[in-house]
There are 4 protein chains.
Amino acid sequence: MGMPLEMNTMIVTKGKEVRQQENFFQLIKDGYRLYPMHVPLEVRKTIEGELKGTAEIHRLEWRDQATIISYELKTLQSSN
Amino acid sequence: MGMPLEMNTMIVTKGKEVRQQENFFQLIKDGYRLYPMHVPLEVRKTIEGELKGTAEIHRLEWRDQATIISYELKTLQSSN
Amino acid sequence: MGMPLEMNTMIVTKGKEVRQQENFFQLIKDGYRLYPMHVPLEVRKTIEGELKGTAEIHRLEWRDQATIISYELKTLQSSN
Amino acid sequence: MGMPLEMNTMIVTKGKEVRQQENFFQLIKDGYRLYPMHVPLEVRKTIEGELKGTAEIHRLEWRDQATIISYELKTLQSSN
C-alpha cells in the first residue's frame, strides 16, 4: 500500500546514459528512486564494475514508475 | 552536509497552483520534497485551511532547490 | 543495490499492534519504512478497512529488515 | 508542516561515537536522518576530515528529534 522507494548513493548506468552535451548526461532508471542532489556520487557501469568517475545530479524526475536523472560528470577515472 | 528533504503527505497550494488542463494542475514548492505518488492526497490552500478536495500526483521533479509536482484533482469538496 | 524503502502515510495494524500502556502501542512491520513522525496518521486494521482512529508516531526503529513504530492513539473512531 | 529529513551517505562522528563493544559503535545525531542500511559507508570525524574507515549501519532509531545509529566498523584507514 505504501509507496516503494529505493535510496541510491551511486549512479549505476548499465551503459544506458544519454549524453546531452559535453559532460551532461541523462539516465532513466526503473521505479522511484532517491538520490542525493548536488553532491559528488560515484558513477559505475555496473554495481560491481570499476569506478568510471564522479558526477553530481542537478535534476531528478519521477513519472510513469521511472526515475530520470540529469547529471554532470565532474571527474573521470583514468582507466589504466 | 546531508541533503535536506521534506516528507509531505498533503498538497498545500497557497493558491499558487497552475491549471494545465481540466483537472490537471502544476505546483512549485520550495526545496526538495517527498510526496507519495499515485495515491489520494488531501489538497488544502493552507495547512490549517479547509479541505478543497483530493488529488493524485503523477509527476514530481527536483531542480534548482525546488519541487515541481503535477497532479490531477480527483474529488472536489463542495463548499457549503 | 540501492536500499528499498516504503513511504507510508497511514498505520495499518493487521491486528498486530501491542499495547504498551493506555493509549500507547508498538507495531512491527516488514522491511524498512518511512512514516511521518509526530503528526496525526490514520489507523486502520487493513488498507481497505474502516478507520479506527488517528495516532502519532513518536519512535521509529529500523533493524533486521523490519520497522518498529511506537505510537499514541489520539482519537478513536466510534464504530456505529 | 511536512516532516524535515536529512539524507546522509556518510557517517560524520564529530568524535561523539560511543563504543559498545569491539568494532560496534553508537552515535546520536540531531534531527531525523536517513542512512542506507547494511552497506559500506565512509566514516569521517568531520565532513571535510580524513577518511577514518568504512562502517555498516545495522540499526537506526528516530526519537525526540534525534537519530541514533548503531554501526560496525568494517575497515580502518591506516593513518600514515
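Thresholds applied
- Residues numbered from 1 in each chain as written.
- Chains lettered and ligands numbered in written order.
- Predicted model: local features only at pLDDT ≥ 70, side-chain atom pairs only at ≥ 80, totals over all residues.
- Heavy atoms only, no water.
- Helix = DSSP H or I, 4+ residues; strand = E, 2+ residues; numbered from the N terminus.
- Rg over C-alpha atoms; globule rule 2.2 N^0.38 Å.
- Buried < 20%, exposed > 50% of the residue type's maximum accessible area, 1.4 Å probe, protein only.
- Areas by Shrake-Rupley, 256 points an atom, 1.4 Å probe, with all protein chains shown as cover.
- Lys, Arg positive; Asp, Glu negative; His and termini not counted.
- Charge placed at Lys NZ, Arg CZ, Asp CG, Glu CD.
- Pairing = 2+ DSSP bridges.
- Phe/Tyr/Trp six-rings, centres within 6.5 Å; stacked < 30°, edge-to-face > 60°.

**Some details on the overall build of chain A**
For step 1, the next point in the chain: From N to C terminus, chain A includes zero helices and eight strands.
For step 2, the next point in the chain: If you list the helices and strands of chain A from N to C, you get β-β-β-β-β-β-β-β.
For step 3, the next point in the chain: Taking 2.2 N^0.38 as the reference for a compact globule, 80 residues should give roughly 12 Å; the C-alpha atoms of chain A span a radius of gyration of 13 Å, in line with that estimate.
For step 4, the next point in the chain: For chain A, the residues scored as buried account for 46% of the 80 residues in total.
For step 5, the next point in the chain: As displayed, chain A has an accessible area near 4,300 Å², and 46% of this comes from carbon and sulfur atoms.
For step 6, the next point in the chain: Side chains of chain A carry 11 positive and 11 negative charges; the gap between the two charge centres is 3 Å.

**A closer look at the pairing of strand S1 (residues 3-7) of chain D**
For step 1, the next point in the chain: Residues D:Met3, D:Leu5 and D:Met7 point to one face of S1(D) and are all buried, whereas D:Pro4 and D:Glu6, pointing to the other face, are not buried.
For step 2, the next point in the chain: Pairing analysis gives five bridges linking strand S1 (residues 3-7) of chain B to S1(D), with the strands arranged antiparallel. Bridged to B:Met3 within S1(D) is D:Met7.
For step 3, the next point in the chain: Inspection of the sheet shows S1(D) paired to strand S5 (residues 33-34) of chain D by two bridges, in the parallel sense. Across the sheet, the residue bridging to D:Glu6 is D:Arg33, located in S5(D).

**Digging into the packing of aromatic side chains**
For step 1, the next point in the chain: Taken as a whole and assessed by the stated rule, the structure comprises ten aromatic pairs over all chains.
For step 2, the next point in the chain: Relative to B:Trp62, the ring of B:Tyr32 lies with its centre 5.4 Å away and its plane at 35°, an arrangement referred to as tilted. Remark: B:Trp62 occurs in strand S7 (residues 51-63) and B:Tyr32 occurs in the loop between strand S4 (24-30) and strand S5 (33-34); sequence separation between them is 30 residues. Neither B:Tyr32 nor B:Trp62 differs from the other in exposure class; each is buried.
For step 3, the next point in the chain: Here the aromatic rings of C:Phe25 and C:Tyr71 are separated by 5.7 Å at their centres, their planes lie at 20°, and the arrangement is stacked. Taken together, the positions of C:Phe25 in strand S4 (residues 24-30) and C:Tyr71 in strand S8 (residues 66-76) put the pair 46 residues apart, joining distant regions of the chain.

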